Amino acid sequence: GATLSSDAAHRLAVGAETLALRMERACHNANALAHWVAARPEVAKVNYAGLSSHAQHDRASQLFRAQGGTGESRYGALLSFELQAGLDCLEFLNRMQVVILSTHLGDTRTLALPAAHTIYYEMGPEKRAQMGIADSLIRISVGIEDTADLIHDFEQALQALTTP
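Residues numbered from 1 in each chain as written. Predicted model: local features only at pLDDT ≥ 70, side-chain atom pairs only at ≥ 80, totals over all residues. Heavy atoms only, no water.

**Q** Sorry, what's going on with the nonpolar core here?
**A** In a soluble, globular protein the nonpolar side chains are often hidden away together inside. Counting 30 residues, the largest nonpolar core has Leu79, Phe81, Phe92, Ile138, Ile140 and Phe154 as the members making the most contacts within it. When residues of this core are traced back to their parent elements, those giving at least two are α1 (6-38), β1 (43-47), β2 (78-83), α3 (89-94), β5 (137-141) and α5 (147-162). Other than its neighbours up to four places away in sequence, Phe81 contacts Val37, Val43, Lys45, Val46, Phe92, Ser136, Leu137, Ile138, Ile140 and Phe154. Core analysis: the next-biggest nonpolar cluster, separate from the first, contains five residues, Leu113, Ala115, Ala116 and Leu137 among them. (Core = buried A, V, L, I, M, F, W, Y, C linked by side-chain atoms within 4.5 Å. Buried < 20%, exposed > 50% of the residue type's maximum accessible area, 1.4 Å probe, protein only. Helix = DSSP H or I, 4+ residues; strand = E, 2+ residues; numbered from the N terminus. Contact = heavy atoms within 4.5 Å.)

**Q** Help me out: how do you make sense of the pattern of salt bridges in this one?
**A** Between side chains of opposite charge, pairing is possible as soon as their charged atoms come close. In the structure shown here, the tally under the stated rule is six salt bridges. Between Glu42 and Arg40 there is a salt bridge, with its nearest N and O atoms 2.8 Å apart. On the accessibility criterion, Glu42 (7% relative accessible area) is buried. Judged by its relative accessible area of 15%, Arg40 falls in the buried class. Put simply, Glu91 and Arg95 hold a salt bridge, and the shortest N to O gap is 3.4 Å. (Salt bridge = Lys/Arg side-chain N within 4 Å of Asp/Glu carboxyl O.)

**Q** How do you make sense of the pairing of β5 when you look at a structure like this?
**A** Every other side chain in a regular strand lies on the same face of the sheet, so the side chains alternate between the two faces. Of all five residues in β5, five are buried; the element is thus mostly enclosed. In this structure, β2 lies alongside β5, joined through five bridges in antiparallel fashion. By the bridge assignment, Glu82 is partnered in β5 with Leu137. The sheet contact formed by strand β4 (residues 111-114) and β5 spans four bridges and is antiparallel. (Pairing = 2+ DSSP bridges.)

**Q** Explanation requested: the side chain of Glu42 in the structure shown.
**A** Along the chain, Glu42 turns up in the loop between α1 and β1. Polar side-chain contacts of Glu42 include one of 2.8 Å to the side chain of Arg40. (Polar contact = N/O pair within 3.5 Å; in protein donor to acceptor, adjacent residues only side chain to side chain.)

**Q** When you look at the pairing of β2 in this model, what are you seeing that I'm missing?
**A** Counting buried residues in β2 gives five out of six residues, a clear majority hidden from the surface. Both β1 and β2 contribute to a ladder of four bridges, which runs antiparallel. The residue bridging Val46 from the neighbouring strand is Phe81, located in β2.

**Q** Help me understand the sheet that holds β5, please; the structure alone is not making it clear to me.
**A** Note: strands within a sheet are paired through backbone hydrogen bonds, in either parallel or antiparallel orientation. Judged by pairing direction, the sheet is mixed, and its five strands sit side by side in the order β1-β2-β5-β4-β3 without closing on themselves. Each edge of the open sheet is held by one strand with a lone partner, namely β1 and β3 (100-101). As paired strands, β3 and β4 are joined by two bridges and run parallel to one another. Each bridged residue has a counterpart across the sheet, and for Ile100 the counterpart in β4 is Leu111.

Right, dumping it as structure tokens:
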């Protein structure tokens with residue numbers, strides 16, 4: 001069977017020790033960011049179960065119980081949102097300064113990608129439309145940065161889209 005190198009095993013063990021703390025922070029940031037983005041006029045739709053407007057919010061609230069704390073962060077560290085028609089998601093992502101454009105998930109840094117242009121690209125526009133995947137859909141894997149820094153990064157990128 002497969003075995004880990006001693007270095008890989010050590011890294012996993014050390015990472016496991018702080019996983020709960022990192023997830024608590026990432027989920028807190030995701031919750032704050034989702035609520036902030038949902039209030040922006042440049043954003044057409046936000047997909048995050050922590051928002052009361054999400055179709056599965058009640059179910060998620062029942063299934064994902066918070067472990068201590070206020071309970072605000074129980075909905076995970078992933079979210080997605082669509083920009084309003086006419087706004088270019090690639091231009092938005094290129095203006096990000098804190099957020100990293102990357103395809104993986106679960107990093108300590110906040111990662112973003114244009115979903116229709118990457119993970120759903122090969123489906124083609126008709127299939128994406130049938131699935132409800134807009135060309136402006138941006139997936140965010142939220143990290144542990146300072147919450148204010150993240151929101152500021154999203155704010156400056158959104159403002160740059162609408163400022164002539």
